[in-house]
Amino acid sequence: MEPLGWLDYPPELSDAEEQYLLSNLKDWSIAHGLAVRPAPSFIQPSQDPSGVLASTAPVTLFPSLFPRSCFEEGLAIQKAYNELYSAIARDEKWLQSIVEELIDIDDFVAKLWQTHLAVRKQGGYVQDISLGLFRSDYMVHKDPAQSDPTPGLKQVEFNTIASSFGGLSSQVSALHKYLLAIDAYPSSTASLIKAGSLRQSLSASLLAEGLATAHKAYGNSKTSRPLCVLFIVQDAERNVFDQRHLEYALLEGNGVRTFRLPFGETMSHTKLDADQTLVYTPPSSPSSSFEVTTVYFRAGYAPDDYPNEEDWAARLHLEKSKAIKCPSILTQLAGCKKVQQVLATPHSPHLQRFLPDSEVAARVLATFAPIYPLDDSEAGKEARKLATDPTSASRYVLKPQREGGGNNIYRKAIPPFLQKLPETHWPAYILMEMIEPPPLSNAILRNGELQRGGVICELGVYGVCLWRDGSSADAKGEVMENFEAGYLLRTKGDQSEEGGVAAGFGAVDSCCLV
Ligand code: ADP
Ligand code: MG
Ligand code: MG
């Protein structure tokens, strides 16, 4: 039989083959926590009043084909990206220069910055160690201008807060290996899907190891209370099992106790000792209390997480504490799309400032796609022309300083959007060239429905970085731990501009390297 090529992948399945694959996929997913809480549109809350139901997470039936060289490069440069973004987070002056351009036109960035200043004013930071659980996201890009274009990786964005799916990613790569092992993939795919080409993501255990590293670096209890890591979460989190995998790996692999605290309940269940030790009292056991070594934010990245002024007071309270933050406010701000745009400015000195090794810097630079400001600079004026002309705008995406998906404006929607926005607010956005990955196909199972067709894949590479801020004598600080922490592949239908799995556009996937 002819080996399959890229274009006839994935293979057609007979009805019986599809039944076999799907029934095994569904059972394995639930049995292994490759699951989400059901969407209200899928099961109405009244049908599940006690909240016991879960459903399979959106997944691809087949691992998507991914160029091996791109995959290896993405993993190889993650430590450099960790170094870069931790260095930015340690450089308050530099970050301030970025934030100043946004502060009058972006309320959320302004609030984060003011909270940072409030910590400084109210006695300053008492913890000089910070943790980053990062995720650098990429798409494969082929430059059509080159006659024999070899695929390269272009960065979509760099996440410094609440980088999600590390838990489910480990499970989906294990699922695809299982489907191969039980012969759910037809023999015609054997030349492509084989054990050696499937990549197991170790993200769940490696991210847990990152949290454990911070927990350990915190040191012994100052209060003789037991120690814990505190997950700050959103109230109605559907993607809870993704987080649970990290919690279980922390307990089982590292012996570290965790608690989940909805961000809005921070002030009711935590307090600061005189020396700013963060003490957590579980509502289930009001007479006991734990000393928090590490605050892991899976909430707090979006304005919706702060409906009231008290929520900003809660963030300040956590930032002032002695617990290690993942991330700190400065680390969160380092993840602004504006920072990515400034780093990508051609011939700018910024990258070299943070990555002095020029060979390392060159490899990172090669992953930057063109990004422009929309300010009064020369580049900004050029970009304003591109963004307001319907023909040229169709090659771009417009991004505000926001996280979590659903915030961008794409292609032809950009000119009318800008027309409605006062020009003084345009610099709050950056304009980025769309990355156009080569065409691929797959099948996605989402809410029980099978969708087949053209897809777009986005590779995320996780990184763990633990560092100590510099004192005034040693402004550079010190990186204490730095490692690559597995990968995520997210796949969406090629008709959708957005890619968020949780936001309802995509599926978790794994790489079949070719
Ligand atoms: P967020 O922080 O909200 O996740 P992203 O920058 O990742 O914002 O954009 C959301 C989604 O939009 C991405 O997952 C991707 O699918 C799409 N996207 C963003 N930038 C680009 C780009 N330059 N080219 C192609 N798609 C993009
Ligand atoms: Mg993203
Ligand atoms: Mg993001």
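Going by what an unreviewed UniProt entry lists, the chain is known as Glutathione synthetase and is assigned to Ampelomyces quisqualis. Here the chain is described in UniProt, under the heading Catalytic activity (unreviewed entry), as follows: "gamma-L-glutamyl-L-cysteine + glycine + ATP = glutathione + ADP + phosphate + H(+)". Its UniProt record gives the chain the following Subunit (unreviewed entry) comment, quoted word for word: "Homodimer."

This part covers the packing of helix α6 (residues 166-181) against helix α8 (residues 240-254). Relative orientation of the contacting elements α6 and α8 amounts to 90°, with a least axis distance of 6 Å. Comparing the axis directions of α6 and α8 gives the class roughly perpendicular. Between α6, through G166, G167, L168 and S170, and α8, the contact on the second element is made entirely by F241, D242, Q243, R244, H245 and L246. Taken together, the residues that form the contact of α6 with α8 break down as three nonpolar, five polar and two charged.

Quick look at the environment of S173 now. Tracing the backbone shows S173 in helix α6. Assessed through the 25 C-beta atoms surrounding it within 10 Å, S173 is described here as buried. Sequence separation between S173 and P63 is 110 residues, and the spatial gap between their C-alpha atoms is 7.9 Å. Apart from the residues lying within four places of it in its own chain, the contact partners of S173 are L198, R199, Q200, S201 and S510.

To continue, consider the packing of α6 against helix α7 (residues 203-218). When two helices pack together, their arrangement is given by the angle between their axes and by how far apart the axes lie. The N-to-C vectors of α6 and α7 enclose an angle of 150°; their axes lie 7 Å apart at closest approach. With respect to each other, α6 and α7 are oriented roughly antiparallel. In contact with G166, G167, S169 and S170 of α6, α7 contributes S203, A204 and L207. Within the contact of α6 with α7, the residues separate by chemical class into two nonpolar, five polar and no charged.

On to the pairing of strand β8 (residues 258-262). As defined by bridge partners, strand β7 (residues 227-233) adjoins β8 across five bridges and the pair is classed as parallel. Paired with V233 across the strands is P262, a residue of β8. On the question of chirality, the crossover connecting β7 to the parallel β8 by way of α8 is right-handed.

Before going further, it helps to examine the UniProt feature "domain: Glutathione synthase substrate-binding" (unreviewed entry) in the chain. Mapped onto this structure's residue numbering, the UniProt feature "domain: Glutathione synthase substrate-binding" (unreviewed entry) falls at residues 228-334. The span residues 228-334 is 35% helix and 26% strand, and its two end C-alpha atoms sit 27 Å from each other.

Mapped onto the fold, V339 is located in helix α12 (residues 337-343). The exposure class assigned to V339 is buried, which follows from the 23 C-beta atoms found within 10 Å. Separated by 62 residues in the primary sequence, V339 and Q401 place their C-alpha atoms 9.7 Å from one another. Sequence-distant contacts of V339, defined by excluding residues within four places in its chain, comprise I88, I98 and A334.

So, about the sheet that holds strand β13 (residues 371-373). What the four strands build is an open sheet, ordered β13-β16-β14-β15; its pairing is antiparallel. Here the strands that pair on one side only, and so sit at the sheet edges, are β13 and β15 (409-410). As paired strands, β13 and strand β16 (residues 430-433) are joined by three bridges and run antiparallel to one another. What sits directly across from P373, in β16, is I430. Contacts between helix α15 (residues 378-388) and the sheet are confined to β13, β14 (396-399) and β16, with β13 contributing the most and set at about 105° to the helix.

Thresholds applied
- Residues numbered from 1 in each chain as written.
- Chains lettered and ligands numbered in written order.
- Predicted model: local features only at pLDDT ≥ 70, side-chain atom pairs only at ≥ 80, totals over all residues.
- UniProt positions renumbered as here; feature names shortened; annotations may be inferred.
- Axes fitted to C-alpha atoms, helices over the stretch in contact; angles between N-to-C directions.
- Helix = DSSP H or I, 4+ residues; strand = E, 2+ residues; numbered from the N terminus.
- Parallel < 35°, antiparallel > 145°, perpendicular 65-115°, else oblique.
- Contact = placed C-beta atoms within 7 Å.
- Nonpolar A, V, L, I, M, F, W, Y, C, P; charged D, E, K, R; others polar.
- Buried ≥ 20, exposed ≤ 12 C-beta atoms within 10 Å, placed from the backbone.
- Pairing = 2+ DSSP bridges.
- Right-handed = clockwise from strand over helix to strand, strands pointing away.

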